Amino acid sequence: MSTDPSPFPNIEHVAESLADKGFVVIDNFLGEEQIQALHEAIAFHREEDNFRKAGIGNAHLFQVDKEVRGDYIKWISRGEARPATLFFMDRMEELMQSLSRSLFLSLKDYECHFAIYPPGTYYEKHLDQFKSTSNRKISFAFYLNREWQAGDGGELRLHLDEILDIEPLSGRLALFRSDTVEHEVLVTAKDRYSITGWMRDQPTNIPFY
Ligand code: OGA
Ligand code: NI
């Protein structure tokens, strides 16, 4: 599990795109073998009944009656991570360190969770940074949907100057600024799998629930 054929992303391009446009999409962030192993990790956590309906932060306090997000999540911690998850985490750590240097962001740590959106679910338009999560600087979503086709839904919609829809294709990593980029997950027709996370300028305390 120590090798992966996919090349490490070009940091200059990634940093430039984040700085100029507020987002970047990196395809083939991991190879097929790693993705298969991450699916096995998800299957394992599913069997162990480790996924929980995701809650919402105080950005949505006034929307109690309405379903804001429909995903089920399992927070990832190094201590219990399997080799494939550790491989992903190491690559993410390296990316974070590089971006921290290139963008002068003083990024220290990141938190992430597996997410499953069952058919019919979505995540309403929101920002990932608000008062209680102001340490979140860069959001990322790594997609694990191997048989994704047009019409399956579940796109990540970024609200930039224009609207941009990003398909949640297997191996694709989307990064965007947590403080400025409003985004949503469009309703999905199929189970939608990802690892979602946030690079922070303060150490992380993984919330366990
Ligand atoms: C989130 C989120 C986007 C995605 O979990 O905050 O916006 O594409 N996820 O999964
Ligand atoms: Ni979000």
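Above this text you will find the structure in question.
It should be emphasised that the depicted structure is a prediction, and the values quoted were computed from it without experimental measurement.

Q: So what exactly am I meant to see when it comes to the sheet that holds strand E11 (residues 192-200) here?
A: Strand pairing in a sheet takes place through backbone hydrogen bonds and is either antiparallel or parallel in direction. With respect to topology, seven strands assemble into an open sheet ordered E1-E9-E6-E11-E4-E3-E2, the strand pairing being antiparallel. Looking along the sheet, the strands with just one partner apiece sit at the ends: strand E1 (23-26) and strand E2 (52-53). For E2 and strand E3 (residues 72-75), the ladder comprises two bridges, and the chain directions are antiparallel. In the strand pairing of E3, Arg 52 is matched with Ile 73. Along the sheet, helix H1 (residues 11-21) makes contact with E1, strand E6 (136-143) and strand E9 (173-177), crossing E1 at roughly 145 degrees. Relative to the sheet, helix H2 (residues 32-47) contacts E3, strand E4 (109-117), E6 and E11, its axis offset from that of E4 by approximately 75 degrees.

Q: Looking at this structure, I do not really get the nonpolar core. What am I missing?
A: Note that soluble globular proteins tend to have their nonpolar side chains buried in a common cluster. Among the nonpolar cores identified, the biggest contains 38 residues, and Phe 88, Phe 142, Leu 175 and Met 199 are the most heavily contacted of them. Ignoring any residue separated from it by four or fewer positions in sequence, one finds Leu 175 in contact with Val 14, Leu 18, Gly 22, Phe 23, Val 24, Ile 26, Leu 95, Ile 138, Ser 139, Phe 140 and Met 199.

Q: Explain empty space enclosed by the protein to me, please; I cannot follow it from the model alone.
A: It is the rolling of a water-molecule-sized probe over the atoms that shows where space remains empty. On inspection of all chains with the given rule, the structure shows one cavity of 30 Å³ or more. Its boundaries defined by the atoms lining it, the largest cavity holds a volume of some 40 Å³. What lines the largest cavity is His 45, Lys 74, Trp 75, Ile 76, Ser 77, Glu 80, Ala 81, Thr 85 and Phe 114. Split by residue class, the lining of the largest cavity holds four nonpolar, three polar and two charged.

Q: Mind showing me how you'd approach the pairing of E9 here?
A: Two faces, one strand: in a regular strand the side chains alternate between the faces of the sheet. With four of five residues buried, E9 lies mostly within the body of the structure. Relative to E9, E1 runs antiparallel, the two being bridged by four bridges. Bridging from a neighbouring strand, Ile 26 pairs with Leu 173 of E9. Strand direction decides the pairing type here: E6 and E9, joined by five bridges, are antiparallel. Bridging across to E9, Ser 139 finds its partner in Phe 176.

Q: In this structure, what is going on with the side chain of His 39? I would like to understand it.
A: Within the secondary structure, His 39 is located in helix H2. Taking the relative accessible area as the measure of exposure, His 39 reaches 15% and is therefore buried. Here Leu 144 takes part through its backbone oxygen, which lies 2.6 Å from a polar atom of the side chain of His 39. Leave out the neighbours within four places in its chain, and His 39 touches Leu 144, Arg 146 and Tyr 193.

Q: Any chance you could explain the coordination of the nickel ion (ligand 2) here in plain terms?
A: Reference values for coordination geometry: four tetrahedral donors around a metal ideally subtend 109.5 degrees, six octahedral donors ideally subtend 90 or 180 degrees. The protein atoms that coordinate the nickel ion (ligand 2) are His 126 (NE2), Asp 128 (OD) and His 183 (NE2), at distances spanning 2.0 to 2.1 Å. Ordering the donors of the nickel ion (ligand 2) by residue number gives the pattern H-x1-D-x54-H. Comparing His 126 with Asp 128, the two get one shared label, buried.

Q: Would you explain the packing of H2 against helix H3 (residues 83-103) in this entry?
A: Two packed helices can be described by the angle between their axes and the distance between those axes. Close contact between H2 and H3 brings their axes to 8 Å; oriented N to C, the two are set at 120 degrees. As judged from the angle between their axes, H2 and H3 are oblique. As H2 packs across H3, the resulting crossing turns out to be left-handed. The segment H2 lies against H3, with Gln 34, Ala 37, Leu 38 and Ala 41 engaging Ala 84, Thr 85, Phe 87 and Phe 88. Of the residues contributing to the contact of H2 with H3, the split by class is six nonpolar, two polar and no charged.

Q: Help me out: how do you make sense of H1 in this one?
A: An α-helical segment advances 3.6 residues per turn. Residues three or four places apart therefore align on the same side. The set of residues buried in H1 consists of Ile 11, Val 14, Ala 15, Ser 17 and Leu 18. The arc that holds every buried residue of H1, seen down its axis, measures 165 degrees, which confines them to one face. Turned more than 90 degrees away from the buried face of H1 sit Glu 12, Glu 16, Ala 19, Asp 20 and Lys 21, all of them exposed. Two or three places before Glu 12, at the opening of H1, Asn 10 has a side-chain oxygen 3.0 Å from that residue's backbone nitrogen.

Analysis parameters
- Residues numbered from 1 in each chain as written.
- Chains lettered and ligands numbered in written order.
- Predicted model: local features only at pLDDT ≥ 70, side-chain atom pairs only at ≥ 80, totals over all residues.
- Heavy atoms only, no water.
- Pairing = 2+ DSSP bridges.
- Helix = DSSP H or I, 4+ residues; strand = E, 2+ residues; numbered from the N terminus.
- Contact = heavy atoms within 4.5 Å.
- Axes fitted to C-alpha atoms, helices over the stretch in contact; angles between N-to-C directions.
- Core = buried A, V, L, I, M, F, W, Y, C linked by side-chain atoms within 4.5 Å.
- Buried < 20%, exposed > 50% of the residue type's maximum accessible area, 1.4 Å probe, protein only.
- 1 Å grid on protein atoms, 1.4 Å probe; cavity = no way out; pocket = protein on both sides within 12 Å on 5 of 7 lines; lining within 4 Å.
- Points joined across faces, edges and corners; volume = space filled by probe spheres on them.
- Nonpolar A, V, L, I, M, F, W, Y, C, P; charged D, E, K, R; others polar.
- Polar contact = N/O pair within 3.5 Å; in protein donor to acceptor, adjacent residues only side chain to side chain.
- Donors = N, O, S within 2.8 Å, 3.2 Å for Na, K, Ca; no water.
- Parallel < 35°, antiparallel > 145°, perpendicular 65-115°, else oblique.
- Left-handed = near helix turned anticlockwise from the far one by under 90°.
- Arc of directions from axis to C-beta.

Remember that the coordinates give geometry; whether it matters functionally is a separate question.
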